[in-house]
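The primary structure of each chain is shown beneath.
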Amino acid sequence: MMFYALLLLLWLMLLAWLVQSALSNPGLSTITWGVWQFEMKTATLVAIVLLACLSFYFIVRFLHYIYDIRANAKALQHHLTQSRARRSLHQGLVQLTEGHFEKAEKILTENAELSETPLLNYLAAARAAHQQMAYERRDQLLQKAINADAKANLSVGLTQADMQLTGGQLEQAYATLHRLYDLSPKHPYVLKLLARVLYQQANWEELINLLPDLIKLNVLKEADLSRIQSAVLAAMFKKYVKAKDLTTLQELWRKLPSAIRENPEALVLYTQALTKLGDDIEAANLVSQALNKQWHEGLAEVYGQIRHHSLANAIQQAEKWAENQASNPTVQLLLARLYNQQKLTGEARKYYEASLSQVPNSKAYLEFAELLESVRENELAQRYYRAGLRQAVKES
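Numbers given for residues are sequential positions, taken from 1 along each chain in its written order. Under the rules for a predicted model, residues below a pLDDT of 70 receive no local features and side-chain atom pairs below 80 are neither given nor counted, while totals for whole chains, interfaces and linings still include all residues. For the side-chain quantities, the full set of heavy atoms in the structure was used; hydrogens and water were omitted.

**So, helix α17 (residues 329-341)**
What sets the pattern is the α-helix's 3.6 residues per turn: residues three or four places apart point alike.
No. 1: Spanning 13 residues, α17 covers 18 Å between terminal C-alpha atoms, matching the ideal 18 Å at 1.5 Å per step.
No. 2: Note on classification: 1.4 Å probe, protein chains only; a residue is buried when its accessible area is under 20% of the maximum for its type, exposed when over 50%, partly exposed between these limits. By the criteria applied, helices consist of DSSP H or I runs no shorter than four residues and strands consist of E runs no shorter than two, each listed in order from the N terminus. Most of α17 is tucked away: 11 of the 13 residues are buried.
No. 3: What makes two residues a contact is simply this: any of their non-hydrogen atoms within 4.5 Å. Looking at the buried residues of α17, the elements they touch are α15 (297-305), α16 (311-322), α18 (345-356) and α19 (362-374).
No. 4: By the criterion applied in these results, polar contacts are pairs of N or O atoms within 3.5 Å in which, for protein atoms, one can donate a hydrogen and the other can accept it, and in which residues neighboring in sequence qualify only through two side-chain atoms. If you check the start of α17, you find a side-chain oxygen 2.9 Å away from the backbone N of threonine 330, and it comes from asparagine 328.
No. 5: Positive backbone phi, at 65°, marks lysine 343, one or two positions downstream of α17. Multiplying 1.5 Å by the helix residue count minus one yields the expected span of that helix.

**Concerning the pattern of salt bridges**
No. 1: In what follows, salt bridge is the name for a side-chain nitrogen of Lys or Arg lying within 4 Å of a carboxyl oxygen of Asp or Glu. Applying the stated rule across the entire model yields 11 salt bridges.
No. 2: For the salt bridge of arginine 138 with aspartate 139, the shortest nitrogen-to-oxygen distance reads 3.0 Å.
No. 3: Assessed through its relative accessible area of 0%, arginine 138 is described here as buried.
No. 4: The exposure class assigned to aspartate 139 is partly exposed, which follows from its relative accessible area of 29%.

**Brief notes about the nonpolar core**
No. 1: Here the nonpolar core consists of buried residues drawn from Ala, Val, Leu, Ile, Met, Phe, Trp, Tyr and Cys, with membership extended through side-chain atoms lying within 4.5 Å. Core analysis: the biggest nonpolar cluster contains 78 residues, and Leu214 and Tyr303 have the highest contact counts within it.
No. 2: Among all residues touching tyrosine 303, those that are not within four sequence positions of it are Ala284, Val287, Ser288, His308, Ala314, Gln317, Trp321, Leu334 and Leu338.
No. 3: By size, the runner-up hydrophobic cluster in this structure holds 19 residues, among which are Leu108, Ala128, Ala152 and Val156.

**Some thoughts on the packing of aromatic side chains**
No. 1: By convention, a stacked pair of Phe, Tyr or Trp rings (six-membered ring in the case of Trp) has centres within 6.5 Å and planes under 30 degrees apart, an edge-to-face pair has planes over 60 apart, and any other such pair is tilted. Applying the stated rule across the entire model yields 10 aromatic pairs.
No. 2: When the centroid spacing of 5.9 Å and the interplanar angle of 75° are considered together, the rings of tyrosine 199 and tryptophan 204 count as edge-to-face.
No. 3: By relative accessible area, tyrosine 199 is classed as partly exposed at 26%.
No. 4: Both rings, one in tyrosine 352 and one in phenylalanine 368, keep their centres 5.5 Å apart while their planes meet at 20°; by these two values the pair is stacked. Taken together, the positions of tyrosine 352 in helix α18 and phenylalanine 368 in helix α19 put the pair 16 residues apart, joining distant regions of the chain. Considered together, tyrosine 352 and phenylalanine 368 belong to a single accessibility category, that of buried residues.
No. 5: Linked through ring pairs, Tyr352, Tyr365, Phe368 and Tyr384 together constitute an aromatic cluster.

**Regarding a nonpolar patch on the surface**
No. 1: A grouping of Leu6, Leu9, Leu10 and Met13 is seen on the molecular surface, where their side chains present a nonpolar patch of about 400 Å² in accessible area.
No. 2: Tracing the backbone through its elements, the reader meets leucine 10 in helix α1 (residues 2-24). Distance thresholds for patches are 9 Å for like charges and 5 Å for nonpolar side chains (Val, Leu, Ile, Met, Phe, Trp, Tyr), applied to residues having over 30% relative accessible area and no salt bridge. In short, Shrake-Rupley with a 1.4 Å probe defines the accessible areas, and a residue's cover is counted only from the protein chains shown.

**Examining a positive patch on the surface**
No. 1: Charged residues are defined here as Lys and Arg on the positive side and Asp and Glu on the negative side; His and the ends of the chain fall outside this count. A charge is said to be at NZ when it belongs to Lys, at CZ for Arg, at CG for Asp and at CD for Glu. A surface patch of positive charge is lined by Lys238, Lys242, Lys276 and Lys363.
No. 2: Within the secondary structure layout, lysine 276 lies in helix α13 (residues 264-276).
No. 3: Overall, lysine 276 belongs to the exposed group, its relative accessible area being 64%.

Here it is in structure tokens:
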């Protein structure tokens, strides 16, 4: 600021010196232009030059002012347009939240092209159209959202897949999510939605390949993951049991991540499949190893139903498990079944009675009734048959 003040002072001093010089030395000045010749006092010439400079300055300032007016008007118009677009977005979202879907769609789309965030306008409008079950219009709006922001392909696709899934359009959702999976195979929400679609389609072959990433990335809640995992494994194991394909079953199990193979619920399903295919030795070894590490009721149930090649060793192993939980009804039922297989009726009967007195079990009732029939206690056997039937109805 001081620099400009000093510059102005110097300019005024120079101007004063020129004026004084012109007035103190009023000589003549001659200007020749072709055949024309002009003579005037030097002071007059100086005044004309200064006037011309001042005129040029003011003309330039005036033109600059006119330009500023146009620029300001344009900026004002842009500000008003953006303000109107923001109000439309706000009003449209309010209408969408309140359930006025038709009105929301109209408000959100009418100023979308003028908005600073057209992507938000089109996504919200698409959701409004989806709520009206106008699926074709919804997809058109989603395409406009992609056109408005090419980098938002993933977010728009996820929105589309989510709406297709909630609208029951499983095939369309599957196609959308497969495209997104190719774009971002490790995206948690892509995996989550794709798992939901595959589960609802009962597409177990593809879903089982998705399980490692679902576990590794912790995409699903524990309860949801357990439900999906159990359904997938049960379906795949049933398929190989039906085909009597033990080799493929074992190959599939080996390919599964350790987090699944060490899961007791998964091991229950696998060992049940092994016993159905006649590989009781492998089933017994796996269950025994798992129970030695950690007790699990389901695995104990499987161990009692395996056709053991050495019942004496199996009973010895079960008695070790019973040392610290002799009153556990599951352990008692396990021992009852093993003694029953060994035809030790007295021991089997003792453990059946002890287990059933604590926890009713329809299968155990049937087994005990058959045992009683084998020793000609028909009346008592009928009583347990009826108890088993009543329990089976409750369990169903």
